[in-house]
Structures are given as structure tokens and as C-alpha cells.
Amino acid sequence: MDAAAARVAGEHAGIRVSTVLSRDEATESLLEAAGEHGTVVVGSRGLGGFSALLVGSVGLRTAARAKGPVVVVRRVAESAGRVVTAAVRDDSDRSALMYAARTARLHGASLRVVSVWLFYQNVGSMATVFDDPSAVVAEAESKATARMVDPVREAFPDLTVTVETVRAASVAGALLEAATDAGLLVVGAHKPAHRIGHPLGQVTHAVLHHAPRPVAVIPRG
């Protein structure tokens, strides 16, 4: 640990580096160290084979329970573009969107906001009302996303912001594709209303397992 701290301090002058050797359980130790407002950064620790695609259990538990941001970084990261991608679904993702905007500005990157919506072919009575129900849904989703992004444009006038509303069969699949050339993918910590323990939502869980880039999980609020 001392060697790692010395290397970080040597490569990033001006940053204070300290170490703690904890004998407690890993997740509890990380959450205690971060407190109410700290950020936790963990690596992705696969065990080989297919499991090499998976984030470790410590990372999952920490992301599910943390009150602040948790960033999961791949052990081997390829070079990526200077883009921060934010995944948004509804107003509960505003904190994740603002975090992404602040991070993009800090690193001189651009911000790409991606909203993914699902459209099922069997839309029942809706199909009898509209000639093209998918177009109606797409327009509504696009307007809702634009309303979320407007405050970001006002707060960060010098930030380059692009918005994409994507129709897909899989939300997680679309986000993983959107993150291919991103330096960071930011998602909200959507948690099921009825859960055992502290699991994350299915989309967040899938993204953490398979994203090729670093992922930041931001709690609601």
C-alpha cells in the first residue's frame, strides 16, 4: 500500500495521499471511509473466463449501499474519447446528470445524454388511436429528455452537450453500446422498491458487469 501511495503521489503532484489498513469487511470499510459525501473508486476484479467480465461482489455491494458516487474502473482500460455519457430515464436521474456535467467540465470533455425507451409491438388501444404510435412515443420521450437537459445547458453554458433518444429492445444493451467510446458512463442507482438486501436495478447491474469503460453510479438525490 505504501508503494502504491508513493507512486500516485509522484505522478500527481499536489494531491494528498493517505492509506488505511482496515481489518473490517471491505464494503463496510469503504463506506465508512467515504462518509456522507465522499466518492468510492473500486476496480473490476474478474476471476478469469466469463467471470472476467464481471465486477466483483465488493463493487456491487458498495454501489448498492453508498450514499455518494461509486466509480467502477476496469483493470485494463483502452484509450477513450473525451466524452462523458450520462444515462437518464426520468427526474430521479437529475443528480446523475449534474454529476456527469460537472465531471465533463472538470476534464474538458463533452457531455452526451442518452435516454433509452422501449416500445412493444402490442400496444393495444394505442395503435387504434395513432397511425404511428412509435413516433408519438418517440416525440414524447425526446421532449421529456430535453426538459431534463435544459437546466444543465443553463448551468454549464460552455459545455458541449448532445442528446440522444434511443429506441431499443434492451436498455442495458443500448447503454453499453453508447459507452463504447466514452471516458466515463454515468448511471443512476435505480433500486427495486421491494428488495432483499441492497441489490441494484437490473439495468445498473448489467451495465456494471459488462461496460467496457469506467462506470459511475450516482444515488438518487
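Above this text you will find the structure in question.
We now turn to the structure provided with this report. (Residues numbered from 1 in each chain as written. Predicted model: local features only at pLDDT ≥ 70, side-chain atom pairs only at ≥ 80, totals over all residues. Heavy atoms only, no water.)

As for the pattern of salt bridges
Pairing between side chains of opposite charge can happen when the charged atoms of each approach one another. On inspection of all chains with the given rule, the structure shows 7 salt bridges. One salt bridge connects Glu11 with Arg7, and the closest N-O pair in it is separated by 3.2 Å. Pair noted here: Glu11 and Arg7 are both in helix α1 (residues 2-11), with a separation of 4 residues, about one helical turn. Take Glu11 and Arg7: they sit in the same class, and that class is exposed. Arg89 is paired through a salt bridge with Asp90; the nearest N and O atoms lie 3.6 Å apart. The exposed category is assigned to Arg89, whose relative accessible area is 53%. (Salt bridge = Lys/Arg side-chain N within 4 Å of Asp/Glu carboxyl O. Helix = DSSP H or I, 4+ residues; strand = E, 2+ residues; numbered from the N terminus. Buried < 20%, exposed > 50% of the residue type's maximum accessible area, 1.4 Å probe, protein only.)

Considering the pairing of strand β4 (residues 110-117)
Among the 8 residues of β4, 7 are classified as buried, and the element is accordingly described as predominantly covered. Direction of pairing for strand β3 (residues 83-87) relative to β4: parallel, over a ladder of 5 bridges. Note that in β4 the partner of Ala86 across the bridge is Val113. Following the chain from β3 across helix α4 (residues 94-106) to the adjacent parallel β4, one finds a crossover that is right-handed. Across 7 bridges, β4 lies against strand β5 (residues 161-167) in parallel orientation. Pairing of Arg112 across the sheet is with Thr162, part of β5. (Pairing = 2+ DSSP bridges. Right-handed = clockwise from strand over helix to strand, strands pointing away.)

It is worth stressing that arrangement in space is one thing and function is another; only the former is reported here.
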